[in-house]
Amino acid sequence: MLERLIESLEAAPMVQRGDYHYFIHPITDGVPLLDPALLRDVACAMVTVMDLHGVDKIVTAEAMGIHIGTALSLMTDIPLNILRKRSYSLPGEIAVHQSTGYSTGQLYLNGIEKGDRVVVIDDVISTGGTLKAVLAALENAGAEIVDVCVVIQRGEPELGRAYTPLVTIDVDADGVRVIDTCR
Ligand SMILES: O=P(O)(O)OC[C@H]1O[C@H](OP(=O)(O)OP(=O)(O)O)[C@H](O)[C@@H]1O
Ligand code: HPA
């Protein structure tokens, strides 16, 4: 089920963002084109590895968790909640600081109730800065985090809790090497 993902990752072009070797891939960037079969492979694998029992909401971060979260939501009928990079100034909005290997910013959580059972998904974890911010916002809102799943784990970031990657990669200036898969 993951052959298309593995092959496309190992063919991914690289660019520099400061000191950061950034790979460009349809799942993580929507560039150059997202093949529906690849998105379907990823969504089916995530549904297989995640614990979705009694889950109220799928949570992801703008922007590149949205297409994956949408596919999962359509497959499972579980509503999708998106942490946005802009504030809506709604009552109860929770703001958290996001940092990645090449950027910093804010993420804003709305629409999560105390006691909600949620799963968190994203396209990639690299430094872990984004998912740490998402988890902090959800904890602040009083959500119960049932599971965390990412398509791609880059390196060995710690989140302070377990999470499941579909694939684990190493990246250097020459490109991407897939070193592990979830099966
Ligand atoms: O583990 P980290 O070092 O935090 O990196 C992972 C995050 O980086 C990317 O988001 P980014 O904020 O770059 O923006 P995008 O999703 O809008 O492309 C990606 O979608 C992850 O959310
Ligand atoms: O190297 C990367 N490529 C695409 N998305 C990312 N998000 C964090 N690092 C990366």
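Up top is the structure these notes are about.
Please read these numbers as outputs of a predicted model, since none were measured by experiment.

Asks: Let's hear about the packing of helix α1 (residues 3-10) against helix α3 (residues 36-49): which residues, and what values?
Replies: Two numbers describe how α1 lies on α3: the axes approach to 9 Å, and their chain directions differ by 120 degrees. Each of Arg-4, Leu-5 and Ser-8 in α1 lies in contact with α3, whose residues at this interface are Ala-37, Leu-38, Asp-41 and Val-42. Of the residues belonging to the contact of α1 with α3, the class tally is 4 nonpolar, 1 polar and 2 charged.

Asks: Describe the site of ligand 2, and please don't skip the residues or the numbers.
Replies: Neighbouring residues of ligand 2: Tyr-20, His-21, Tyr-22, Phe-23, Thr-28, Asp-29, Tyr-102, Val-124 and Arg-154. Note that a nitrogen atom of ligand 2 is positioned 3.3 Å from one of the side-chain N or O atoms of Tyr-22. Here a nitrogen atom of ligand 2 and a side-chain polar atom of Tyr-102 are 3.3 Å apart. Isolated, ligand 2 exposes 260 Å² of accessible area, and the fraction of that covered by the protein chains is 93%. The cavity that encloses ligand 2 is the largest pocket. Among the residues making up the shell around ligand 2, the classes are represented as 5 nonpolar, 2 polar and 2 charged.

Asks: Lay out the site of ligand 1 with the relevant residues and their values.
Replies: Around ligand 1 lies a shell of 18 residues, among which Tyr-102, Asp-122, Ser-126, Thr-127 and Thr-130 are the nearest. Here Thr-127 contributes a side-chain N or O atom positioned 2.5 Å from an oxygen atom of ligand 1. In the complex, 89% of the free accessible area of ligand 1, which totals 500 Å², lies under the protein chains. Comparing atom positions with the cavity grids shows ligand 1 to sit within the largest pocket. Looking at the shell around ligand 1, the elements with two or more residues in it are β5 (94-99), β7 (117-125) and α5 (129-141). Top element by residues in the shell around ligand 1 is β7. It accounts for 4 residues.

Asks: Help me get a handle on the environment of Asp-56, residues and values and all.
Replies: In this fold, Asp-56 is placed in the loop between α3 and β3 (57-61). Look at Asp-56 and you get partly exposed, because its relative accessible area is 35%. Expressed as a C-alpha distance, the spacing of Asp-56 and His-67, which sit 11 residues apart in the sequence, is 19 Å. If near-sequence neighbours (up to four positions away) are discounted, Asp-56 is found in contact with Ile-78, Pro-79, Gly-115, Asp-116 and Arg-117.

Asks: Pulling in residues and values, what's your account of the sheet that holds strand β9 (residues 164-172)?
Replies: Taken together, 6 strands build an open sheet; the order of strands is β4-β3-β7-β8-β9-β10 and the sheet is mixed. The sheet terminates laterally at β4 (80-83) and β10 (175-181), the two strands that pair on one side only. Here the average twist between neighbouring strands, direction ignored, is 25 degrees. Pairing of β7 with strand β8 (residues 144-154), which is carried by 8 bridges, proceeds in the parallel orientation. Its bridge partner being in β8, Ile-125 is matched across the sheet by Gln-153. Where α1 meets the sheet, it contacts β8, β9 and β10, and its direction lies at approximately 150 degrees from that of β10.

Asks: Summarise the pairing of β9; cite the residues concerned and give the values.
Replies: Looking at chain direction, β8 and β9 are connected through 5 bridges and run parallel. Paired with Arg-154 across the two strands is Ile-169, which belongs to β9. Taken together, the 6 bridges between β9 and β10 define a ladder with antiparallel strand orientation. By the bridge assignment for β10, Ile-169 is matched with Val-178. Linkage of β9 to β10, two consecutive antiparallel strands, is achieved through a turn of 2 residues.

Asks: Lay out the packing of aromatic side chains in plain terms, naming residues and giving numbers.
Replies: One pair of aromatic rings is described through two measures. These are the centre distance and the angle between the planes. Scanning all chains against the criterion turns up 3 aromatic pairs. Aromatic pair Tyr-22 and Tyr-102: ring centres 5.3 Å apart, planes at 80 degrees, arrangement edge-to-face. Of the two residues, Tyr-22 is situated in strand β2 (residues 20-23) and Tyr-102 in the loop between β5 and β6 (104-109); the sequence distance between them amounts to 80 residues. By relative accessible area, Tyr-22 is classed as buried at 11%. Of the aromatic side chains, those joined through ring pairs into one cluster are Tyr-20, Tyr-22 and Tyr-102. In this structure, Arg-17 is placed above the aromatic ring of Tyr-102, and the distance from its NZ or CZ to the ring centre is 4.6 Å. The ring of Tyr-20 carries the charged tip of Arg-154 above its face, separated from the ring centre by 4.2 Å.

Rules behind the numbers
Residues numbered from 1 in each chain as written. Chains lettered and ligands numbered in written order. Predicted model: local features only at pLDDT ≥ 70, side-chain atom pairs only at ≥ 80, totals over all residues. Heavy atoms only, no water. Axes fitted to C-alpha atoms, helices over the stretch in contact; angles between N-to-C directions. Helix = DSSP H or I, 4+ residues; strand = E, 2+ residues; numbered from the N terminus. Contact = heavy atoms within 4.5 Å. Nonpolar A, V, L, I, M, F, W, Y, C, P; charged D, E, K, R; others polar. Near = heavy atom within 4 Å. Polar contact = N/O pair within 3.5 Å; in protein donor to acceptor, adjacent residues only side chain to side chain. Areas by Shrake-Rupley, 256 points an atom, 1.4 Å probe, with all protein chains shown as cover. 1 Å grid on protein atoms, 1.4 Å probe; cavity = no way out; pocket = protein on both sides within 12 Å on 5 of 7 lines; lining within 4 Å. Sits in = over half its atoms within 2 Å of the grid points. Buried < 20%, exposed > 50% of the residue type's maximum accessible area, 1.4 Å probe, protein only. Pairing = 2+ DSSP bridges. Phe/Tyr/Trp six-rings, centres within 6.5 Å; stacked < 30°, edge-to-face > 60°. Lys NZ or Arg CZ within 6 Å of the ring centre and 35° of its normal.

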